Amino acid sequence: MALSSIESAGSDIDLAALVETYSALLFRVAHSVLRSRAEAEDVVQDVFVRVIEHRLRLLAVRDMRVWLIRIAWNLALDRRRRIQPEQFDDAFAESLIARDMPADEALEEAQRMKSVLRELERLPEKERHVLLLSAIGELGTREMAQLLGKSESAVRALLFRARTRLRERLEKGGCVS
C-alpha cells in the first residue's frame, strides 16, 4: 500500500493531502498542551499512524478535522500526564518572546510568561482545556464543544470563567496591569 493514499472501503483517502492540510493545526494543538516542539511533532506523527490504523473506518468519520484534532488533543493530554509542566515552561516561555527585544526586556517578559503559564496550570482542568483550545485560534465554539463532549453554551461559560479567573489571578500577582 502506498503511503500517499489509504484504501478505505473501495475509496481512497489521500494521506499526503491530510498531512498537508492538517499537520500545522495538529502541531499547534499538541504544542499548546505540551509546550515542547519535539513532543508536539511526535504527537502529530502518532495522529497519522492512527489514521493508517483506522483506514477501514475513515469514511464513517463525519468531520475529519474534528476527528484528527480530538486524536491529537487526547494524545497530547496523555503525554502531558507523564511530563511535569515545569520541564518545558522555561524554554516555551522564551520561545514566545520577540527575538529583537533588548535582553533586559526579554528577561522580564519571559518571567511574565512563566507566571502566566504557572497560573494557567493552577486553573481547574476543564477551564484550562477550553482556554488552550481557544488559544489555538482556529476552533469555533461548536468544534470545542465536540472535542470536549460539552454543549456550546457550556463551553462559552467555561471559557468566560477561565478567562475571568486567570485575569484575576494575574492581576493579583502583579503580572497584568
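Parameters and conventions
- Residues numbered from 1 in each chain as written.
- Predicted model: local features only at pLDDT ≥ 70, side-chain atom pairs only at ≥ 80, totals over all residues.
- Heavy atoms only, no water.
- Helix = DSSP H or I, 4+ residues; strand = E, 2+ residues; numbered from the N terminus.
- 1 Å grid on protein atoms, 1.4 Å probe; cavity = no way out; pocket = protein on both sides within 12 Å on 5 of 7 lines; lining within 4 Å.
- Points joined across faces, edges and corners; volume = space filled by probe spheres on them.
- Nonpolar A, V, L, I, M, F, W, Y, C, P; charged D, E, K, R; others polar.
- Axes fitted to C-alpha atoms, helices over the stretch in contact; angles between N-to-C directions.
- Parallel < 35°, antiparallel > 145°, perpendicular 65-115°, else oblique.
- Contact = heavy atoms within 4.5 Å.
- Expected span 1.5 Å × (residues − 1).
- Bend = angle between axes of the 7 residues up to and from the residue.
- Buried < 20%, exposed > 50% of the residue type's maximum accessible area, 1.4 Å probe, protein only.
- Polar contact = N/O pair within 3.5 Å; in protein donor to acceptor, adjacent residues only side chain to side chain.
- Core = buried A, V, L, I, M, F, W, Y, C linked by side-chain atoms within 4.5 Å.

Asks: Quick question: what am I supposed to make of unusual backbone geometry here?
Replies: Excluding glycine, residues mostly carry a negative phi; peptide bonds, for their part, are mostly trans. If you check the backbone angles, arginine 35 has positive phi at about 60° while not being a glycine. With respect to the element layout, arginine 35 can be found in the loop between α1 (15-34) and α2 (37-53).

Asks: Can you help me understand the layout of surface pockets in this one?
Replies: Think of a ball as big as a water molecule: rolled over the atoms, this probe shows where empty space is left. Approximately 200 Å³ is the volume found for the second largest pocket. A per-element tally of the lining of the second largest pocket places helix α6 (residues 125-136) first, with four residues. Within the lining of the second largest pocket, the residues separate by chemical class into six nonpolar, two polar and six charged.

Asks: Sorry, what's going on with the packing of helix α7 (residues 141-148) against helix α8 (residues 152-172) here?
Replies: Geometrically, a packed helix pair is captured by the angle between its two axes and the distance between the axes. Contact pair α7 / α8: the axes reach a minimum separation of 8 Å and the direction vectors enclose 95°. Between α7 and α8, the interaxial angle falls into the category roughly perpendicular. Where α7 approaches α8, its residues Thr141, Arg142, Met144 and Ala145 are matched on the opposing element by Glu152, Val155, Arg156 and Leu159. A class-by-class count of the residues in the contact of α7 with α8 yields four nonpolar, one polar and three charged.

Asks: Would you take a moment to explain α1 for this structure?
Replies: The α-helix advances 3.6 residues per turn, and as a result positions three or four apart in sequence lie on the same side. The end-to-end C-alpha distance of α1 is 25 Å, clearly below the 28 Å that 20 residues give at a rise of 1.5 Å each. Of all the bends in α1, the greatest measures close to 50° and is centred on tyrosine 22. Among all positions of α1, only Leu15, Leu18, Tyr22, Leu25, Leu26, Phe27, Val29, Ala30, His31, Ser32, Val33 and Leu34 are buried. Where α1 ends, the next residue or the one after it, arginine 35, has phi of about 60°, a positive value.

Asks: Got a minute to help me understand the side chain of arginine 80 in this structure?
Replies: Inspection of the secondary structure puts arginine 80 in helix α3 (residues 64-82). Take arginine 80: its relative accessible area is 13%, and that puts it in the buried class. Of note is the side chain of arginine 80, whose polar atom sits 2.8 Å from the side chain of glutamate 121.

Asks: Mind showing me how you'd approach the nonpolar core here?
Replies: Where a protein is soluble and globular, its nonpolar side chains tend to be buried together. One finds Leu26, Val43, Val47, Val51 and Leu68 to be the most contacted residues of the largest nonpolar core, which totals 46 residues. Contributions of two or more residues to this core are made by α1, α2, α3, α6, α7 and α8. With 11 residues, α3 is the single largest residue contributor to this core. Residues in contact with valine 47, not counting those within four places in the same chain, are Leu26, Leu68, Ile71, Ala72 and Leu75.

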